[in-house]
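# Chain and residue survey
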Amino acid sequence: STYSARFYEGRSVIGHIAGKVTKSNKIGYVASYPIPEVVRGINSAYLAAKAANPDVEFKVIWIFTWFDPAKEADAAKTLIQQGADVIMQHVDSSAIMTVAEEAGVFAYGQASDMSEFGPNAHLTAIINGWGPYYVKRVKEAMDGTWKGGQETFDGIGDGMVVVSDLDPALPSALKKKVKKLQKDLASGKTHSFTGPIYDQKGNLLVAEGKVADDGMLAGMNVYVKGVEGDIPQ
């Protein structure tokens, strides 16, 4: 059996927040490897940020590692030098949060709450909620009801993607909007990839009124229109 999480739903949430809090309209993104999970996270965050603020720009730096504090910090510093006042990450150390705190910009926790490393920078975090799935599957193994060949792809609604507490300093209207967005993503009322969506070359990816199916999400290997740069090959 396989399992993964719809982390792109959480990135819709942080994208919306970024679009609302940025002053420079430049958002930086430190990415690990150019695999579909990371690409769709960038795209999801950008689409949400763009919907919240039509003037936003995304700059992405790929560092080809999941965990290297020095590389993560260098990438964050570069993005800040380029004008980014909100930094997102799909790498796992707290180095970016520390850099953001020192530079007076905003950032997000990745995989866990990282507020202790940047009490002023930390807006919220996308937390990996693997626990309930592990407990369920272990119980199945113990009581003999385990079934193989299952594919699990759960999100906010199933508790596999958890958005941590929001920064108390965020405006109350924004916090209310974010909570509603989380609720709508959880229920399926809102989908992170709702058309019309085009890629960088202008090709239609998702038609108006439609949403991306799981096949498209699982194989996503192009940036949506508006994201700067190229995906490394």
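Whatever comes next refers back to the structure up there.
Reading guide: rules and limits
Residues numbered from 1 in each chain as written. Predicted model: local features only at pLDDT ≥ 70, side-chain atom pairs only at ≥ 80, totals over all residues. Heavy atoms only, no water. Helix = DSSP H or I, 4+ residues; strand = E, 2+ residues; numbered from the N terminus. Expected span 1.5 Å × (residues − 1). Buried < 20%, exposed > 50% of the residue type's maximum accessible area, 1.4 Å probe, protein only. Arc of directions from axis to C-beta. Core = buried A, V, L, I, M, F, W, Y, C linked by side-chain atoms within 4.5 Å. Contact = heavy atoms within 4.5 Å. Patch = residues over 30% accessible without salt bridge, like charges linked within 9 Å, V, L, I, M, F, W, Y side chains within 5 Å. Areas by Shrake-Rupley, 256 points an atom, 1.4 Å probe, with all protein chains shown as cover. Salt bridge = Lys/Arg side-chain N within 4 Å of Asp/Glu carboxyl O.

## Details of helix α3 (residues 69-81)
- Compared with an ideal rise of 1.5 Å per residue, which puts 13 residues at 18 Å, α3 spans 18 Å between its outermost C-alpha atoms and is within 8% of the ideal.
- For α3, the full list of buried residues reads Glu72, Ala73, Ala75, Ala76 and Leu79. The buried residues of α3 occupy one face: seen down the axis, they fall within an arc of 165 degrees. Exposed and facing more than 90 degrees away from the buried side of α3 are Ala70 and Gln81.
- Remark: Gly83 follows α3 within two positions and exhibits a positive phi of approximately 105 degrees.

## Brief notes about the nonpolar core
- Membership of the largest hydrophobic core comes to 48 residues, with the highest contact counts inside it found for Ile17, Ile42, Phe58 and Met88.
- Looking at this core, the elements with two or more residues in it are α1 (7-21), β2 (26-31), α2 (36-52), β3 (57-62), β4 (86-89), β6 (122-128), β8 (161-163) and α6 (172-187).
- Tallying contributions element by element places α1 first for this core, with seven residues.
- Phe58 has contacts with Ile27, Tyr29, Ile42, Ala45, Tyr46, Ala49, Met88 and Glu228, leaving out every residue within four places of it along the chain.
- Listed in part, the 18 residues of the second largest apolar core include Ala95, Met97, Ala100 and Met114.

## Things to note about a nonpolar patch on the surface
- Together, Tyr33, Ile35, Phe64, Trp66 and Phe67 make up a nonpolar patch on the protein surface, roughly 470 Å² of accessible area in all.
- Turning to its location among the elements, Tyr33 is positioned in the loop between β2 and α2.
- Owing to a relative accessible area of 31%, Tyr33 belongs among the partly exposed residues under this scheme.

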